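Descriptive structure summary
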Amino acid sequence: MRQHQETLEIRTDGAGLVEFTAAVVRVVEDAGILTGLAHVFCRHTSASLLIQENADPDVQLDLGAFFRRLVPDGDPLFLHQSEGPDDMAAHVKSALTQTTLAIPIADGRMLLGTWQGIYLFEHRRRPHTRQVVIHVLGA
């Protein structure tokens, strides 16, 4: 069993999805592991991770619109607003999605489907630099 780990920095322009599949592919290739698992972990509570369609950019826009409607910024239900009206809404959106992904590896490649991409889902309005840890293990 071998392991390899890298931390990626992903810059966002504010709320929305940022695809970083190519960066994870590079980490998996650098690991030199033929059969195993790529574990992807977001180190933040107001951003999350998704595997989603990467063929039609409308999918990402529609997901953003849905989550804005589902959990609106500044909802009077929320007490926590120490970093602005989008703060608690971002935490709820993150709780509804996921902060970790596990992707199987075979023949040195992740077994993503044809139209699947790996995305960081930024839930805050302003730009951020997010850290995502990629841990690859296997043989």
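Residues numbered from 1 in each chain as written. Predicted model: local features only at pLDDT ≥ 70, side-chain atom pairs only at ≥ 80, totals over all residues. Heavy atoms only, no water.

Okay, unusual backbone geometry next. Backbone geometry places aspartate 107, a non-glycine residue, at a positive phi of 55 degrees. The exposed category is assigned to aspartate 107, whose relative accessible area is 71%. (Buried < 20%, exposed > 50% of the residue type's maximum accessible area, 1.4 Å probe, protein only.)

Next up on the list: the sheet that holds strand β4 (residues 47-53). Spatial strand order, β2-β7-β4: three strands in an open sheet with antiparallel pairing. The open sheet has two edge strands with one neighbour each: β2 (16-19) and β4. When strand polarity is set aside, the average angle formed by the axes of neighbouring strands in this sheet is 35 degrees. As defined by bridge partners, β4 adjoins strand β7 (residues 116-122) across seven bridges and the pair is classed as antiparallel. Residue pairing for β7: leucine 49 is matched across the bridge by leucine 120. (Pairing = 2+ DSSP bridges. Helix = DSSP H or I, 4+ residues; strand = E, 2+ residues; numbered from the N terminus. Axes fitted to C-alpha atoms, helices over the stretch in contact; angles between N-to-C directions.)

Another point: the side chain of serine 94. When you line up the elements, serine 94 lands in helix α3 (residues 87-96). The exposure class of serine 94 is buried, given its relative accessible area of 7%. With near-sequence residues (within four places) excluded, serine 94 lies in contact with His44, Thr45, Ser46, Ala47, Ser48, Thr99 and His123. (Contact = heavy atoms within 4.5 Å.)

Glancing now at the sheet that holds strand β1 (residues 2-11). The sheet built from five strands is open, its strands ordered β1-β8-β3-β5-β6 with antiparallel pairing. A strand with exactly one partner marks an edge of an open sheet, and here the two such strands are β1 and β6 (109-110). In terms of strand pairing, β1 meets strand β8 (residues 129-138) through 10 bridges, oriented antiparallel. Bridge assignment links glutamine 3 to a residue of β8, and that residue is leucine 137.

Moving on, we come to the packing of aromatic side chains. All chains considered together, the criterion is met by two aromatic pairs. Ring centres of phenylalanine 66 and phenylalanine 67 lie 5.5 Å apart, and the angle between their planes is 90 degrees; this geometry places the pair in the edge-to-face category. The exposure class of phenylalanine 66 is partly exposed, given its relative accessible area of 46%. By relative accessible area, phenylalanine 67 is classed as buried at 10%. Through a chain of ring-to-ring contacts, three or more aromatic side chains come together here, namely Phe66, Phe67 and Phe121. (Phe/Tyr/Trp six-rings, centres within 6.5 Å; stacked < 30°, edge-to-face > 60°.)

Another aspect to go through is the side chain of glutamate 6. Within the fold, glutamate 6 resides in strand β1. At 3.1 Å, the side chain of glutamate 6 forms a polar contact with the side chain of arginine 26. Those residues in contact with glutamate 6, other than ones at most four positions away along the chain, are Arg26, Val27, Asp30, Val132, Val133 and Ile134. (Polar contact = N/O pair within 3.5 Å; in protein donor to acceptor, adjacent residues only side chain to side chain.)

Our focus in this paragraph is the pattern of salt bridges. Counted according to the given criterion, the structure contains eight salt bridges. A salt bridge links arginine 124 to glutamate 83, with the shortest nitrogen-to-oxygen separation between them at 3.2 Å. Residue arginine 124 is found in the loop between β7 and β8, and its partner glutamate 83 is found in the loop between α2 (57-70) and α3; the two are separated by 41 residues along the sequence. Residue arginine 124 is classed as buried on the basis of its relative accessible area of 3%. One continuous salt-bridge network, built from bridges that share partners, spans Glu83, Asp86, Asp87 and Arg124. (Salt bridge = Lys/Arg side-chain N within 4 Å of Asp/Glu carboxyl O.)

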